[in-house]
Amino acid sequence: MYRALTRDIEVCVEPYYLEEQSDPDDSRYVWGYRIVIANHSKMSVRLTHRYWHITDQNGQVDEVSGPGVIGEQPRLRPGDTYEYSSGCPLDTPSGMMFGHYRMETDDGDEFDVAIPAFSLDAPGMQRILN
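Computed from a predicted structure; not experimentally measured. (Residues numbered from 1 in each chain as written. Predicted model: local features only at pLDDT ≥ 70, side-chain atom pairs only at ≥ 80, totals over all residues. Heavy atoms only, no water.)

S.K.: Give me the lowdown on the pattern of salt bridges, citing residues and values where you can.
M.R.: A complete count under the given rule lists eight salt bridges for this structure. Between Arg34 and Glu14 there is a salt bridge; the shortest N-O distance is 3.0 Å. Within this pair, whereas Arg34 is found in strand E3 (residues 29-39), its partner Glu14 is found in strand E2 (residues 9-17), the two being separated by 20 residues in sequence. For Arg34, a relative accessible area of 24% translates into the label partly exposed. As a salt-bridge pair, Arg102 and Glu110 come within 3.8 Å of each other at their nearest N and O atoms. Through salt bridges that share partners, Glu14, Arg34 and Glu83 make up one connected network. (Salt bridge = Lys/Arg side-chain N within 4 Å of Asp/Glu carboxyl O. Helix = DSSP H or I, 4+ residues; strand = E, 2+ residues; numbered from the N terminus. Buried < 20%, exposed > 50% of the residue type's maximum accessible area, 1.4 Å probe, protein only.)

Here is the structure:
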């Protein structure tokens, strides 16, 4: 599990490889990831936008942004959590993702909440550390 905390908003990510949707012979590798966002602050916030920076093992970068997540713009009161799952296909057996969510308070204050960097590694991959 990967975690980041920004202004008392915690984002936890748990990636997992989707073998049944992957086809290594066709250079298709697919991961799912579960996100839990917890509001530990004293203010309500709404998730209005998302931004993802996705890099495959060849250094190819894909940036994804848009309103909300999975078609929703959830509002989290103090103490609330919001959970969703999504996925990411790559042409290589490993990569990494990170990003941020744009949050807005009831007073209209906007700020970015970090999504921690996490690795996407197909099972059986040998990791090489520099």
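S.K.: Tell me about the side chain of Ser41, residues and numbers included.
M.R.: Note that Ser41 resides in the loop between E3 and strand E4 (45-56). Taking the relative accessible area as the measure of exposure, Ser41 reaches 8% and is therefore buried. Reaching out from Ser41, the side chain makes a polar contact with the backbone oxygen of Met43 at a distance of 3.1 Å. Every residue in contact with Ser41, bar those within four places of it in the chain, is listed here: Arg7, Asp8, Ile9 and Pro78. (Polar contact = N/O pair within 3.5 Å; in protein donor to acceptor, adjacent residues only side chain to side chain. Contact = heavy atoms within 4.5 Å.)

S.K.: Give a description of the packing of aromatic side chains that names residues and reports values.
M.R.: Given two aromatic rings, one states the distance between the centres and the angle between the planes to describe the pair. Evaluated as defined, the whole model comprises six aromatic pairs. When the centroid spacing of 5.3 Å and the interplanar angle of 55° are considered together, the rings of Tyr33 and Trp52 count as tilted. Of this pair, Tyr33 sits in strand E3 while Trp52 sits in strand E4, placing them 19 residues apart in sequence. Look at Trp52 and you get buried, because its relative accessible area is 3%. When the centroid spacing of 6.0 Å and the interplanar angle of 90° are considered together, the rings of Trp52 and Phe118 count as edge-to-face. Taken together, the positions of Trp52 in strand E4 and Phe118 in strand E9 (residues 110-121) put the pair 66 residues apart, joining distant regions of the chain. Taken together through their ring pairs, the aromatic side chains of Tyr2, Tyr33, Trp52 and Phe118 make up a single cluster. The ring of Phe111 is capped by Arg7, whose NZ or CZ atom sits 3.9 Å from the centre of that ring. (Phe/Tyr/Trp six-rings, centres within 6.5 Å; stacked < 30°, edge-to-face > 60°. Lys NZ or Arg CZ within 6 Å of the ring centre and 35° of its normal.)

S.K.: Kindly report on the nonpolar core, identifying the contributing residues and their values.
M.R.: Judged by nonpolar contacts, the single largest core of 28 residues is most densely connected at Ile35, Ile37, Trp52, Tyr101 and Met103. Put simply, the parts of the chain that give this core at least two residues each are E2, E3, E4, strand E7 (81-90), strand E8 (94-105) and E9. Filtering out sequence-adjacent residues up to four positions away, Ile37 remains in contact with Ile9, Glu10, Val11, Leu47, Leu76, Asp80, Thr81, Tyr82, Tyr101 and Met103. (Core = buried A, V, L, I, M, F, W, Y, C linked by side-chain atoms within 4.5 Å.)

Fair warning: the whole summary comes from geometry, so function is off the table for now.
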